[in-house]
Amino acid sequence: LGMSKSQGCFGYPLSIFFIVANEFCERFSYYGMRGILILYFTNFFSWDDNMSTAIYHTFVALCYLTPILGALIADSWLGKFKTIVSLSIVYTIGQAVISVSSINDLTDHNHDGTPDSLPVHVALSMIGLALIALGTGGIKPCVSAFGGDQFEEGQEKRRNRFFSMFYLAINAGSLLSTIITPMLRVQQCGIHSKQACYPLAFGVPAALMAVSLIVFILGSGMYKKFQPQGNIMGKVARCIHFAIKNRFRHRSKAFPKREHWLDWAKEKYDERLISQIKMVMRVMFLYIPLPMFWALFDQQGSRWTLQAATMSGKIGALEIQPDQMQTVNAILIVIMVPIFDAVLYPLIAKCGLNFTSLKKMTVGMFLASLAFVVAAIVQVEIDKTLPVFPNGNEIQIKVLNIGNTTMNISLPGEMVTLDSLSQTNAYMTFDVNKLTSINISSPGSPVTAVTDDFKQGQRHTLLVWAPNHYRVVKRLRLKKKENKNQKGMEFVNTFNELITVTMSGKIYANVSSNNASNYQFFPSGVKGFTISSTEIPPQCQPNFNTFYLEFGSAYTYLVRRKNGSCPDVQSFEDISANTVNMALQIPQYFLLTCGEVVFSVTGLEFSYSQAPSNMKSVLQAGWLLTVAIGNIIVLIVAGAGQFSKQWAEYILFAALLLVVCIIFAIMARFYTYINPAEIEAQFDEDEKKKSLENSNPYIMSGANSQTEM
């Protein structure tokens with residue numbers, strides 16, 4: 001041991017620094033990938049909000065179910081060190097696979113900017129996510145415990161400080177990655193067509209995971225490695241199973257009742273183990289209501305990010321990406337934990353209030369419930385500003401006159417007169433069954449009836465340029481999901497020949513005469529574009545700039561001749577930009593983070609204080625299990641609750657948590673706090689006495705050796 005003493009640093013074992021650095025990189029990798037995941041689903045795979053939310057929470061639930069597996073492997077087979085190394089390799093591969101899955105050019109053989117076979121990308125990313133869930137979950141229970149193993153007896157204070165450092169490393173990692181990866185995501189990259197740069201945004205976390213693995217292996221020579229201790233979880237499960245089986249066998253009146261159902265295991269297991277399991281079971285019973293808190297908490301990465309995507313990110317000169325809003329949580333955690341510990345709790349104690357762990361957790365639940373009420377209020381504000389899309393049996397029509405004369409268009413119930421190069425102010429909504437006739441006319445020419453199979457549930461643009469010339473363009477890509485944080489752009493060609501427009505790496509190829517291109521989507525900002533056509537004289541300037549594109553907006557740019565020769569553009573707004581500012585989300589993040597501080601940090605301390613030392617891993621697994629079940633609750637509620645309005649879902653979650661909070665408060669009232677160390681000490685004493693009696697039979701057995709537990 002002389003060796004390990006000399007390798008200390010500030011009185012800490014040197015190996016600790018490798019473990020903290022490893023944790024920092026691993027959390028950076030995990031949160032960076034998880035932060036952009038929901039937008040990857042909605043933007044790259046074009047899944048709708050509910051599907052994306054479901055897959056996201058399935059993944060998070062898996063990440064919190066696999067720790068049980070990791071603990072089993074480490075305790076009964078490989079030991080902590082080898083488990084961390086082997087599962088980190090799996091993890092790194094998973095991160096690399098999901099990065100590859102987001103490479104557009106992988107299946108984009110015709111180079112049009114959209115993957116030709118999405119299922120390949122989906123399959124790859126699902127394999128990647130499965131490997132990541134196995135990796136991150138598997139090492140989760142090992143890393144912190146392995147860190148704790150590095151300390152000697154009598155270094156409790158330092159060990160506790162290590163856990164604080166460890167928690168800080170987690171938050172620093174998640175904070176940095178939720179700022180950085182969204183910045184990488186909005187870069188444009190690609191071989192043939194430029195796209196949002198998901199490969200880079202997923203690739204950087206993959207690289208950091210590899211770094212984390214290397215750092216951890218570098219410290220190998222310094223670690224204290226213990227042999228696998230045998231599987232405590234298995235032992236607990238076997239004891240409980242035996243107790244239930246035994247109780248069931250002796251269920252007739254002939255057998256005297258026992259004080260606790262676990263006492264039926266006495267025939268086979270020693271009293272110390274049974275008493276330890278009793279302590280664990282009492283804490284586990286209190287865990288039953290906890291998943292509801294996590295169901296709300298983990299929606300920061302799904303529903304709240306999707307909510308931010310319908311908002312405006314401009315805060316002063318900065319423009320914030322929707323997935324960067326999650327950093328608010330990490331920033332607030334770093335600020336709030338010290339404030340609560342150093343200021344708030346001592347103040348409450350000074351007022352003579354006994355603010356016990358369980359009371360804190362009840363307050364945490366209440367705050368999270370409140371956060372969702374605030375989220376619902378923000379959602380109502382957003383809904384007022386969002387464009388209205390047609391329902392199932394409705395269609396929407398906008399008329400755009402691209403000709404040189406004034407046109408009259410008669411629609412069911414209204415007559416519209418449009419000057420040259422102008423459009424109707426908004427999309428007009430009609431019931432499919434009532435859409436009888438649409439007629440076009442211009443002064444001194446016959447009336448033309450528009451015949452077209454309008455697709456229900458969709459938007460259409462009616463292009464007119466002469467009394468008997470019109471075209472109906474279906475707005476296939478302008479559905480709800482596209483007006484997230486994307487800026488849509490389409491071009492209408494009034495030339496007689498084909499035109500091609502190139503705009504920041506994306507190409508609108510061969511737009512035919514008097515026709516509209518498809519929409520393409522861009523990050524915000526000013527974009528330059530170039531128009532090319534055989535009709536443009538060589539002396540003309542073919543380069544143009546858009547004005548500043550904001551979150552959620554969509555525009556039509558009309559390409560026309562100026563003074564009969566050179567091209568010119570005129571813009572029309574199809575969807576106005578998001579106006580509700582993302583800063584409005586800060587109050588809900590603040591409430592939820594305060595809830596997390598008093599709930600999560602306290603919950604772990606409480607669990608540790610109420611459990612015998614050798615059962616910490618069992619409780620850790622139970623705690624993580626509540627997180628997994630919380631994510632499964634989101635799946636069920638979001639799946640079954642098919643709400644037409646998002647705010648209603650928020651209110652439902654808030655109400656559910658409030659009910660659970662009240663139940664938990666009642667359960668907490670009946671809980672009596674214990675000191676596991678005293679109970680353990682009592683057992684040690686009893687054992688000493690027993691061994692004394694066995695060696696010296698003349699001492700009368702003391703009355704108190706049969707202490708009632």
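Residues numbered from 1 in each chain as written. Predicted model: local features only at pLDDT ≥ 70, side-chain atom pairs only at ≥ 80, totals over all residues. Heavy atoms only, no water.

### Focus on the pairing of strand β15 (residues 469-474)
In step 1: For strand β14 (residues 459-466) and β15, the ladder comprises six bridges, and the chain directions are antiparallel. Directly across from H460, in β15, lies its bridge partner K474.
In step 2: Counted along the chain from β14 to the antiparallel partner β15, the turn is two residues long. (Pairing = 2+ DSSP bridges. Helix = DSSP H or I, 4+ residues; strand = E, 2+ residues; numbered from the N terminus.)

### Re the sheet that holds strand β18 (residues 506-511)
In step 1: Across the sheet, four strands lie side by side as β18-β17-β21-β22; this open sheet has antiparallel pairing. Only two strands of the sheet have a single partner each, and these edge strands are β18 and β22 (543-545). Here the strands of the sheet are splayed against their neighbours by 20° on average, with no regard to which way each runs.
In step 2: Across four bridges, strand β17 (residues 499-503) lies against strand β21 (residues 528-532) in antiparallel orientation. (Axes fitted to C-alpha atoms, helices over the stretch in contact; angles between N-to-C directions.)

### Concerning the domain arrangement of the chain
In step 1: When its domains are assigned, the chain resolves into domain 1 (11-228), domain 2 (270-386 + 579-685) and domain 3 (394-575).
In step 2: Relative to domain 3, the C-alpha centre of domain 2 lies at a distance of 49 Å.
In step 3: Counting residues at the interface gives eleven residues for domain 2 and seven residues for domain 3.
In step 4: A combined buried area of about 700 Å² lies between domain 2 and domain 3, and 54% of that area is made up of carbon and sulfur atoms.
In step 5: Across the contact surface, domain 2 and domain 3 share one residue pair in polar contact (both at pLDDT 80 or more).
In step 6: Residues that form the side of domain 2 that touches domain 3 fall into these classes: six nonpolar, three polar and two charged. (Domains from an automatic or database assignment. Contact = heavy atoms within 4.5 Å. Buried area = accessible area lost by both parts, 1.4 Å probe. Polar contact = N/O pair within 3.5 Å; in protein donor to acceptor, adjacent residues only side chain to side chain. Nonpolar A, V, L, I, M, F, W, Y, C, P; charged D, E, K, R; others polar.)

### Description of the confidence of the model for the chain
In step 1: In this model, the chain carries a mean pLDDT of 86, and residues with pLDDT of at least 70 account for 95%.
In step 2: Taken element by element, the chain is modelled with least confidence in helix α1 (residues 2-6), mean pLDDT 41, and with most confidence in helix α9 (residues 291-297), mean pLDDT 96.
In step 3: Note on residues 1-6: pLDDT is under 50 here. Beyond four places in sequence and across chains, it has two contacts.
In step 4: When the criterion is pLDDT under 50, residues 699-709 qualifies, and its contacts beyond four places in sequence or with other chains add up to ten contacts. (pLDDT = per-residue confidence, 0-100.)

### Thoughts on the sheet that holds strand β9 (residues 414-418)
In step 1: Strands sit in the order β9-β8-β12-β13 across an open sheet of four strands; the sheet is antiparallel. For this open sheet the edge positions go to β9 and β13 (448-449), each flanked by a neighbour on one side alone.
In step 2: Here strand β12 (residues 439-441) pairs with β13 via two bridges, running antiparallel. From the neighbouring strand, I440 faces β13, where its bridge partner is T448.

### Concerning the environment of I217
In step 1: Position of I217 among the secondary structure elements: in helix α6 (residues 198-218).
In step 2: Its relative accessible area of 39% is what places I217 among the partly exposed residues.
In step 3: Separated by 227 residues in sequence, I217 and G444 place their C-alpha atoms 85 Å apart. (Buried < 20%, exposed > 50% of the residue type's maximum accessible area, 1.4 Å probe, protein only.)

### Details of the state of the cysteines
In step 1: Scanning the entire structure with this criterion turns up two disulfides.
In step 2: Disulfide pairing is shown between C189 and C197; the S-S distance is 2.0 Å. As the torsion about the S-S bond is roughly 100°, the C189-C197 disulfide counts as right-handed.
In step 3: In this model C540 forms its disulfide with C566; the gap between the sulfur atoms is 1.9 Å. (Disulfide = S-S within 2.5 Å.)

### Overview of the pattern of salt bridges
In step 1: A full pass over the atoms with the stated rule returns 15 salt bridges.
In step 2: A salt bridge links R272 to D684; the nearest nitrogen and oxygen atoms lie 2.4 Å apart. Within this pair, whereas R272 is found in helix α8 (residues 271-287), its partner D684 is found in helix α16 (residues 676-695), the two being separated by 412 residues in sequence.
In step 3: The salt bridge involving R303 is made with E649; its shortest N-O contact spans 2.9 Å. Linking R303 in helix α10 (residues 303-308) with E649 in helix α15 (residues 646-669), this pair joins segments that are 346 residues apart in sequence.
In step 4: Three or more residues joined by partner-sharing salt bridges are found here, namely R272, E680, D684 and E687. (Salt bridge = Lys/Arg side-chain N within 4 Å of Asp/Glu carboxyl O.)

### Some thoughts on helix α4 (residues 118-149)
In step 1: With 32 residues, α4 should reach 46 Å at 1.5 Å per residue; the first-to-last C-alpha distance of 46 Å fits that figure.
In step 2: By the largest-angle criterion, K140 marks the main kink of α4, which is about 35°, and a proline, P141, follows within four residues. (Expected span 1.5 Å × (residues − 1). Bend = angle between axes of the 7 residues up to and from the residue.)

### A look at the environment of T424
In step 1: For T424, the position within the fold is in the loop between β10 (422-423) and β11 (428-431).
In step 2: Residues T424 and M183, 241 residues apart in the sequence, show an inter-C-alpha distance of 37 Å.
In step 3: If we skip the residues at most four places from it in the chain, T424 touches K398, V399, V416 and L418.

### Regarding the packing of α4 against helix α5 (residues 156-185)
Helix packing geometry: the angle between the two helix axes and the distance between the axes.
In step 1: The geometry of α4 relative to α5 is characterised by a closest axis approach of 10 Å and an angle of 150° between their N-to-C directions. The angle between the axes of α4 and α5 places the two elements in the roughly antiparallel class. Here α4 and α5 pass one another in a crossing that is right-handed. The residues of α5 that touch α4, namely those facing V143, S144, G147 and G148, are R159, F162, F163 and F166. (Parallel < 35°, antiparallel > 145°, perpendicular 65-115°, else oblique. Left-handed = near helix turned anticlockwise from the far one by under 90°.)

### Topic: the pairing of β17
In step 1: With four of its five residues buried, β17 lies for the most part within the structure.
In step 2: Relative to β18, β17 runs antiparallel, the two being bridged by four bridges. The residue bridging T502 from the neighbouring strand is I507, located in β18.
In step 3: Turn length for the β17-β18 hairpin, with the two strands adjacent in sequence and antiparallel, is two residues, and the turn residue S504 shows positive phi of about 30°.

### A few points about the side chain of T362
In step 1: Following the sequence through the fold, T362 ends up in helix α12 (residues 357-385).
In step 2: Since its relative accessible area comes to 14%, T362 is described here as buried.
In step 3: At 2.7 Å, the side chain of T362 forms a polar contact with the backbone oxygen of L358.
In step 4: In this view, T362 contacts C661, F664 and A665; residues no more than four positions away in its chain are not counted.

### A few points about a positive patch on the surface
In step 1: Together, K235, R238, K245, R249 and K268 make up a region of like positive charge exposed at the surface.
In step 2: Note on placement: R249 falls in helix α7 (residues 232-249). (Patch = residues over 30% accessible without salt bridge, like charges linked within 9 Å, V, L, I, M, F, W, Y side chains within 5 Å. Areas by Shrake-Rupley, 256 points an atom, 1.4 Å probe, with all protein chains shown as cover. Lys, Arg positive; Asp, Glu negative; His and termini not counted. Charge placed at Lys NZ, Arg CZ, Asp CG, Glu CD.)

### Concerning helix α3 (residues 49-101)
In step 1: The terminal C-alpha atoms of α3, which comprises 53 residues, lie only 20 Å apart, well short of the 78 Å expected from a rise of 1.5 Å per residue.
In step 2: At L78, α3 is deflected by roughly 120°, the largest bend along its length.

### Thoughts on the nonpolar core
In step 1: Counting residues in hydrophobic clusters, the biggest one holds 132 residues, and the most contacted among them are L37, F59 and M365.
In step 2: The leading source of residues in this core is α3, at 13 residues.
In step 3: Counting only domains with at least three residues in this core, you end up with domain 1 (11-228) and domain 2 (270-386 + 579-685).
In step 4: Not counting residues up to four positions away in its chain, the partners in contact with M365 are P289, L290, F293, F599, L657, V660, C661 and F664.
In step 5: One finds F491, F529, I536 and V559 within the second-largest nonpolar core, a separate group that totals 20 residues. (Core = buried A, V, L, I, M, F, W, Y, C linked by side-chain atoms within 4.5 Å.)

### Brief notes about the packing of aromatic side chains
In step 1: Counted by the stated rule, this structure contains 46 aromatic pairs.
In step 2: The interplanar angle of 25° and the centroid separation of 5.1 Å between the aromatic rings of F216 and Y223 together place this pair among those described as stacked. The pair formed by F216 and Y223 is uniform in burial state, with each residue classed as buried.
In step 3: Between W304 and F372, the ring centres sit 5.3 Å apart and the planes meet at 35°, which makes this aromatic pair tilted. (Phe/Tyr/Trp six-rings, centres within 6.5 Å; stacked < 30°, edge-to-face > 60°.)

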